[in-house]
Amino acid sequence: MPKHLLSRALLLLTLLAPLAGPAPHARGARASVHAAAASVPAPEEVLGFRPGDDRKLASWAQTVEYFRRLSQASPRVKFEELGKTTLGAPFVLATISAPENIERLETYKDIQRRLADPRTLGRAPEARAEGLISNGKTVVLITCGVHSTEVGSYLSGMLIAHRLASSDEPEVQEILRNTIVLLVPSLNPDGVDIVKNWYDKTLGTPFEGTNPPELYHHYVGHDDNRDWYAFTQVETQLTVDKVHNVWHPQIVHDIHQQGAYGSRLFLPPYMQPVEPNVPRQLVEGYTELGHFIADNMLKAGFKGITWDSTYDAWTPSRAYSHYHGGVRVLSETASVNLATPITVKPEQLRAGEGYDARKATPNFPVLWPGGEWRLRDITNYMTTAAFELLKHAAQNREAWLRRFYSIGKEAVRPRRRGELYGFRIPAAPNDGELQNILERAGVEVRMLPRSGPGRRAQGLDIFVPMAQPYGGFAKALLEPQHYPDLRDAEGHPIAPYDVTAHTLTLLMGVPAEPVYAPVKVGAPARIEVAMLPGHERDIVPDSPRVALYKSHVPSMDEGWTRWAFENQLHVRYASLQDAEVRAGGLRAKYDSIIIPDESPRAILEGYRKGSMPEEFTGGLGKEGVKALREFVEEGGTLITLNEASDFAIEQLGLPVRDVTADLKRTEFYCPGSILRTVLDTTHPLAKGMPRESIAWVEDSPVFEIKSDPPALDRVRVVARYPETGTPLLSGWLLGAERIRGKAALVEARVGKGRVYLFGFRPQYRAQSLATYPLLFNAIAGR
């Protein structure tokens, strides 16, 4: 045999040796599968009902107990606690596969790790890769229950796990042989109990099926699924650190619910646009997989399925896997009222983005006619879609692994001259926070000599090379976004599903310079986390008495503000609710009151009478407005964020108007973008800050001071948009000319006190560190 062929043969033997056959104890485990399957408990044996039954929800303790019992009874299931949630509940993972695979999980983790980073393959990488591919398994991560009111998801997780753990059907056996299923029963366990407790409390009352009057994630509510690049919440961190970064799944199936009056089920492909750093192989992968699931479900008689509608693949905030070699297959099934059935009349069905639930089209071919819709329908759609996905993963095992390897190979290839080599990040406040985010995502960070003196004693900057497995993730966060100007047939802007910008360098005030030529870099970098500019982070003991308004209509911005106060700014505060505000006497207790982003109507009126229990209705009302006015007139500071500023302008009669209030979307539109602002650095709020700053603008007011002389004496602009050009730094903006020179942050004096009107969210999703000093200084009464 020629020497090169002999070397290749020996290499393949080396790769195959660890997988030559099951260990003796694995053979024994496999032989006992049939006997064990008979003893595997069904969910109803633990819960007392079958998941999907009307008006029945499981607690988190019951859910954990079911998975624990499942793992004890079945050699196909490994169950483990990964850590604790925000409120101290167990955060858990079930790994499900054939018993012989369960016995060799460390081997399969290593295969995944090496395919994800082809630099580890050494000489003859293609031959080594083929050996790994022929012996690897498709790793599928199924995530349930991130949005806790979408109760079908975590209930379906138990049904999926039971079938995998107990069934001897050929289809299931093929899945077990060829895949490793990682099932997270809930990405938000705390929310399982928040929703169940509220549902059980209101069961049989007029309020049955309503959503809880609190965020279903303690801090961030629905935004817990917008945290997949900033990693602020402990549940996100556990999933990234102990599942994604350990297993590098080829497929992530994220099971959700959507509104009740549109399609019965959404599947990929996603609508345009796709974020440009998502590899084309993943677009091809989720398109192929989504069509496979939809085609098979339609053949089986399921109706009302759509694709290429409603949801896009623009932001990494919802799709960590798209920048880590794996497709994200989002499924969205139509909801009921939590666990209470509904009846949908045909005339109640409505159009969504990209389809109409009343009309058959190529991407919505089989109509659902309306009628009764139950929780059991939801779990049927969810479990069927999940098993179709697993079938494809099993039947196309080598294709999925080969696609995965091709993504890694492209990512690590050496860059050619003229291509982007990486990003230089000069020394700046908050650069440590940015580096922590990149490193948590597996991004390699190096040190680069500086051309001149700098803050770092060693004269080094951070350098992020692109030739690495997750360079695309870094690039998405370090470069500005250019969201396409998408319009419908009538010229109206097509709204993004979420937001249009995610440039962390801008949000954090950290410069990043693209580098297009080879550079000599040093060892992996570690720097100290820099201090936020303009303050020392901790309010000193004699600091102001601070209250944060908390509406009974849950506000995610209120939750994000709490998280920032407790975890970043270390602001001591009291939670202020409607009854306390209406009672008055606020100045005796507080120096500063913050009203976070919320619609003026929700703040003033809250839930309407009869829609929720009496104690949760009514909002601030006239009494609350009167009490806030007295608070300011007596010397207090009122701080309103984003839409809440329109509430303050209207209810307190401030001499300011929102110039965007009556504009159509074709005239002005800014759906979650980063805009340039110019600060008055002589104002105490902006003291010590650079003259140019940013604003996170999303459904935001833009201010103009009324022209009468008394108003000009009482109002001062702290931040405004530039007088010329466009203020857009990242994202999408229509009608830039409408806001040139207009105010983004205003101080209005009322009596002895003041109102700070923020026309943006200065603490946006705990990311906009560049504007934290403005909020901090407002709270501190500067």
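Note that residues are indexed from 1 along each chain, following the sequence as it is written. The model is predicted, so local features are restricted to residues of pLDDT at least 70 and side-chain atom pairs to those at 80 or more, both for listing and for counting; the totals for chains, interfaces and linings are taken over all residues. Side-chain numbers here rest on the full set of heavy atoms in the structure, without hydrogens or water.

## A short note on the pattern of salt bridges
Using the following cut-off: Salt bridge, as used here: a side-chain nitrogen of Lys or Arg that lies within 4 Å of a carboxyl oxygen of Asp or Glu. Working definition: helices are DSSP H or I runs of at least four residues, strands are E runs of at least two. Numbering for both runs from the N terminus. Working definition: with a 1.4 Å probe on protein chains only, accessible area under 20% of the residue-type maximum means buried, over 50% means exposed, and in between means partly exposed.
Here the structure, examined in full by the defined rule, presents 53 salt bridges. The closest approach of N and O atoms between Asp200 and Lys196, which form a salt bridge, is 2.7 Å. Highlighted residues: Asp200 and Lys196, both in helix H11 (residues 189–202), separated by four residues, approximately one helical turn. With a relative accessible area of 35%, Asp200 lands in the partly exposed category.

## As for the packing of helix H5 (residues 60–73) against helix H9 (residues 152–166)
Quick note on the threshold: Here the axes come from fitting lines to C-alpha atoms, over the contacting stretch only for helices, and the angles between their N-to-C directions go from 0 to 180 degrees. The labels follow the angle: roughly parallel below 35 degrees, roughly antiparallel above 145, roughly perpendicular from 65 to 115, and oblique for the rest. Note on contacts: a residue pair qualifies if any of its non-hydrogen atoms lie within 4.5 Å across the two residues. Three classes are used: nonpolar for Ala, Val, Leu, Ile, Met, Phe, Trp, Tyr, Cys and Pro, charged for Asp, Glu, Lys and Arg, and polar for all others, with Gly counted as polar.
At their nearest, the axes of H5 and H9 sit 11 Å apart, and the two run at 10° to each other. With respect to each other, H5 and H9 are oriented roughly parallel. Residues Thr63, Tyr66, Phe67 and Leu70 of H5 touch H9, and the partners they reach there are Tyr154, Gly157, Met158, Ala161, His162 and Ala165. Here the residues of the contact of H5 with H9 are counted per class, giving seven nonpolar, three polar and no charged.

## Digging into unusual backbone geometry
The peptide bond linking Pro268 to Pro269 adopts the cis configuration, its omega dihedral lying at 15°. Here Pro269 is to be found in the loop between strand S6 (265–267) and strand S7 (271–274). Between Gln272 and Pro273 the backbone carries a cis peptide bond, its omega angle lying at 5°. Tracing the backbone through its elements, the reader meets Pro273 in strand S7. Unlike most non-glycine residues, Arg55 shows phi in positive territory, near 60°. Inspection of the secondary structure puts Arg55 in the loop between helix H4 (43–47) and H5. Exposure remark for Arg55: the relative accessible area of 36% places this residue in the partly exposed category. Here Thr310, not a glycine, exhibits a phi torsion of approximately 65°, which is positive. Turning to its location among the elements, Thr310 is positioned in the loop between strand S8 (305–307) and strand S9 (312–313).

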